[in-house]
Amino acid sequence: MYEFVTEYNGPPLYALAESFEYYWAPQGYWCVDGRKSPLEAAFHPLVTPWIPGDRWVFSMLVKLEEGNYIPPHADKPLAPGVTRYHLVLSTNPLSWCMHSNEWQQMLASTVYTMEPQFVHAAINWGVTPRIHLVVDTG
């Protein structure tokens with residue numbers, strides 16, 4: 001399961017997320033990789049109260065367009081002391097995430113943690129994109 005951490009009540013971030021140039025990832029989604037963009041500089045000061053950790057090890061914006069899905073997969077385990085956070089910037093009632101064979105709907109303006117080495121996936125049957133800011137902190 002994606003585990004609820006907190007509600008995000010900072011400045012709206014959707015327009016900022018849409019200002020980035022996304023590229024198509026072969027896994028089935030559009031992405032902005034924090035290693036290749038000013039993503040961390042733009043988001044870190046705005047989300048620090050909700051995503052703990054002074055050091056961002058990795059970050060990306062994941063945009064799942066309407067009708068698309070991210071197939072089941074597992075990522076490599078995180079290094080000791082690193083935690084993965086998802087801040088849901090936009091979603092819709094027909095967008096679902098799966099983690100360890102459990103499907104759930106993640107709510108907009110919420111922060112979740114997850115274990116990336118367990119199988120996870122997502123699908124968006126809605127008519128609006130789903131965008132998550134994904135951050136690994138250490």
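Preceding this paragraph is the structure being described.
Note that the structure is a prediction, hence the values are computed from the model and not measured. (Residues numbered from 1 in each chain as written. Predicted model: local features only at pLDDT ≥ 70, side-chain atom pairs only at ≥ 80, totals over all residues. Heavy atoms only, no water.)

Caption draft 1: Examining the overall build of the chain more closely. Per the secondary structure count, the chain includes 2 helices and 11 strands. Reading the chain from its N end, one meets helices and strands in the order β-α-β-β-α-β-β-β-β-β-β-β-β. A compact globule built from 138 residues should have a C-alpha radius of gyration of about 14 Å, and the chain, at 14 Å, falls within 12% of that. Dimensions of the chain, computed from the C-alpha atoms along their principal axes, are close to 35 × 35 × 30 Å. Out of the 138 residues belonging to the chain, those deemed buried represent 47%. By sequence separation, contacts in the chain at least 24 residues apart represent 78% of the contacts at least 6 residues apart. (Helix = DSSP H or I, 4+ residues; strand = E, 2+ residues; numbered from the N terminus. Rg over C-alpha atoms; globule rule 2.2 N^0.38 Å. Buried < 20%, exposed > 50% of the residue type's maximum accessible area, 1.4 Å probe, protein only. Contact = heavy atoms within 4.5 Å.)

Caption draft 2: Spatial organisation of the sheet that holds strand 4 (residues 56–64). Here we have 7 strands laid out as an open sheet, ordered 1-9-6-11-4-3-2, and antiparallel in their pairing. A single partner strand is all that each edge strand has here, and the edge strands are strand 1 (3–7) and strand 2 (23–25). The sheet shows a mean angle of 30 degrees between the axes of neighbouring strands, taken without regard to direction. Sheet topology places strand 6 (residues 83–90) next to strand 9 (residues 110–114); 4 bridges connect them, and they run antiparallel. Residue pairing for strand 9: Leu87 is matched across the bridge by Val111. (Pairing = 2+ DSSP bridges. Axes fitted to C-alpha atoms, helices over the stretch in contact; angles between N-to-C directions.)

Caption draft 3: The pairing of strand 7 (residues 95–99), seen in detail. The buried count for strand 7 comes to 4 of 5 residues, which makes it a mostly enclosed element. Looking at chain direction, strand 7 and strand 10 (residues 120–124) are connected through 5 bridges and run antiparallel. Within strand 10, the position partnered with Met98 by the bridge is Ala121. Linking two consecutive strands that pair antiparallel, namely strand 7 and strand 8 (residues 102–104), is a turn of 2 residues; a positive phi of about 55 degrees is found at Ser100 within it.

Caption draft 4: The arrangement of the layout of surface pockets in detail. The calculated volume of the largest pocket comes to roughly 670 Å³. As for the largest pocket, its lining consists of 31 residues, and the residues nearest its centre are Tyr29, Phe58, Met60, Asp75 and Arg84. (1 Å grid on protein atoms, 1.4 Å probe; cavity = no way out; pocket = protein on both sides within 12 Å on 5 of 7 lines; lining within 4 Å. Points joined across faces, edges and corners; volume = space filled by probe spheres on them.)

Caption draft 5: The side chain of His44, seen in detail. Position of His44 relative to the elements: it lies in helix 2 (residues 39–47). Within the structure, the side chain of His44 is placed 3.3 Å from the side chain of Trp56, a separation counted as a polar contact. Dropping the residues within four chain positions of it, His44 is found in contact with Gly53, Asp54 and Trp56. (Polar contact = N/O pair within 3.5 Å; in protein donor to acceptor, adjacent residues only side chain to side chain.)

Caption draft 6: Focus on the nonpolar core. If you look at the biggest cluster of nonpolar residues, it comprises 20 residues, and the most contacted ones within it are Phe43, Val47, Ile51, Leu61, Leu87, Leu89 and Leu133. Listed by contribution, the elements that provide at least two residues to this core are helix 2, strand 4, strand 6 and strand 11 (130–137). With residues up to four places along the chain from it excluded, the contact list for Ile51 reads Tyr85, Leu87, Val111, Leu133, Val135 and Thr137. Grouped together as the second largest cluster of nonpolar side chains are 16 residues, Tyr2, Val62, Leu64 and Ala122 included. (Core = buried A, V, L, I, M, F, W, Y, C linked by side-chain atoms within 4.5 Å.)

Caption draft 7: Structural detail: the pattern of salt bridges. Going through the model one piece at a time under the given rule, you end up with 4 salt bridges. The salt bridge involving Glu65 is made with Lys63; its shortest N-O contact spans 3.7 Å. On the accessibility criterion, Lys63 (10% relative accessible area) is buried. (Salt bridge = Lys/Arg side-chain N within 4 Å of Asp/Glu carboxyl O.)

Treat this as a map of the structure, not an account of what it does.
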